[in-house]
Amino acid sequence: MGRQDGVIFPLVAVLALLLAFSVTHVLLLYEAEQEAAHAARQAAEADELVQMAVFDVKEQIASSDPSTVVHEGGWTYPRGTAAYRWEKVGETSVRVSLSVRSSSGLRRSAAFTVMIPSLHITEWSEQND
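Everything in this summary refers to the structure shown in the same document. What you see is a predicted model; the values in this text were computed from it and never measured. (Residues numbered from 1 in each chain as written. Predicted model: local features only at pLDDT ≥ 70, side-chain atom pairs only at ≥ 80, totals over all residues. Heavy atoms only, no water.)

### Brief notes about the overall build of the chain
Tallying secondary structure elements over the chain gives 1 helix and 5 strands in all. In sequence order, the secondary structure elements of the chain are arranged as α-β-β-β-β-β. The C-alpha radius of gyration computed for the chain amounts to 28 Å, which surpasses the reference 14 Å derived for 129 residues by more than 25%, pointing to a less compact arrangement than a globule. Seen through its C-alpha atoms, the chain measures out along the principal axes to roughly 100 × 25 × 20 Å. Every one of the 129 residues in the chain was classed for burial, and the buried ones make up 20%. Taking all contacts inside the chain whose residues are at least 6 apart in sequence as the whole, residues at least 24 apart take part in 32%. Accessible surface for the chain amounts to roughly 9,000 Å². Of this, 60% is attributable to carbon and sulfur atoms. Within the chain, the 16 negative side-chain charges are centred at a point lying 3 Å from the centre of the 10 positive side-chain charges. (Helix = DSSP H or I, 4+ residues; strand = E, 2+ residues; numbered from the N terminus. Rg over C-alpha atoms; globule rule 2.2 N^0.38 Å. Buried < 20%, exposed > 50% of the residue type's maximum accessible area, 1.4 Å probe, protein only. Contact = heavy atoms within 4.5 Å. Areas by Shrake-Rupley, 256 points an atom, 1.4 Å probe, with all protein chains shown as cover. Lys, Arg positive; Asp, Glu negative; His and termini not counted. Charge placed at Lys NZ, Arg CZ, Asp CG, Glu CD.)

### Observations concerning the nonpolar core
Counting 17 residues, the largest nonpolar core has V57, I61, V96, L98, V100 and F112 as its most contacted members. Sorting the residues of this core by element identifies helix 1 (8–63), strand 2 (80–88), strand 3 (93–102) and strand 4 (107–115) as the ones contributing at least two each. In terms of residues, this core owes the most to one element, helix 1, which gives 6 residues. Among residues more than four places away in sequence, those in contact with F112 are V54, V57, V94, R95, V96, L98, I121, E123 and W124. (Core = buried A, V, L, I, M, F, W, Y, C linked by side-chain atoms within 4.5 Å.)

### Structural notes on helix 1
Counted at 1.5 Å a residue, the expected span for helix 1 with its 56 residues is 82 Å, and the 83 Å between its end C-alpha atoms agrees. Every buried residue of helix 1 is accounted for by E45, A46, L49, V50, A53, V54, V57 and I61. (Expected span 1.5 Å × (residues − 1).)

### Quick notes on the pairing of strand 4
When strand 3 meets strand 4, the two strands line up antiparallel, connected through 9 bridges. Across the sheet, L98 pairs through a bridge with A110, a residue of strand 4. With antiparallel pairing between neighbouring strands as the criterion, strand 3 and strand 4 make up a hairpin whose turn holds 4 residues, including G105 at a positive phi of roughly 100 degrees. (Pairing = 2+ DSSP bridges.)

Written out as structure tokens, the structure reads:
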């Protein structure tokens, strides 16, 4: 039994080291999950702003004077701001440029074409800044 004195300490040290590594790994995974959730919230906030701004632009187009060729403006929402510019391309379509900035700092730009008088969107291109 005298030769087994040095076995317990190395075994406990290895197990403690494995436990410390696993706890560190779990904490790093938790931090990565929190960052991913924050990014998802920011993206959802920007999507919500784009949807509200598109609805408001379509309402603006529908209520505008038919002789208006170019119009620009903006709105302030509780979660950010939107700026738009639209111009008539022909008698039946309007080209819209939209820029949205959320309160968290995320920017999104979109350009789309709206058909008149149905107000259907026919083309859509988007750029994330």
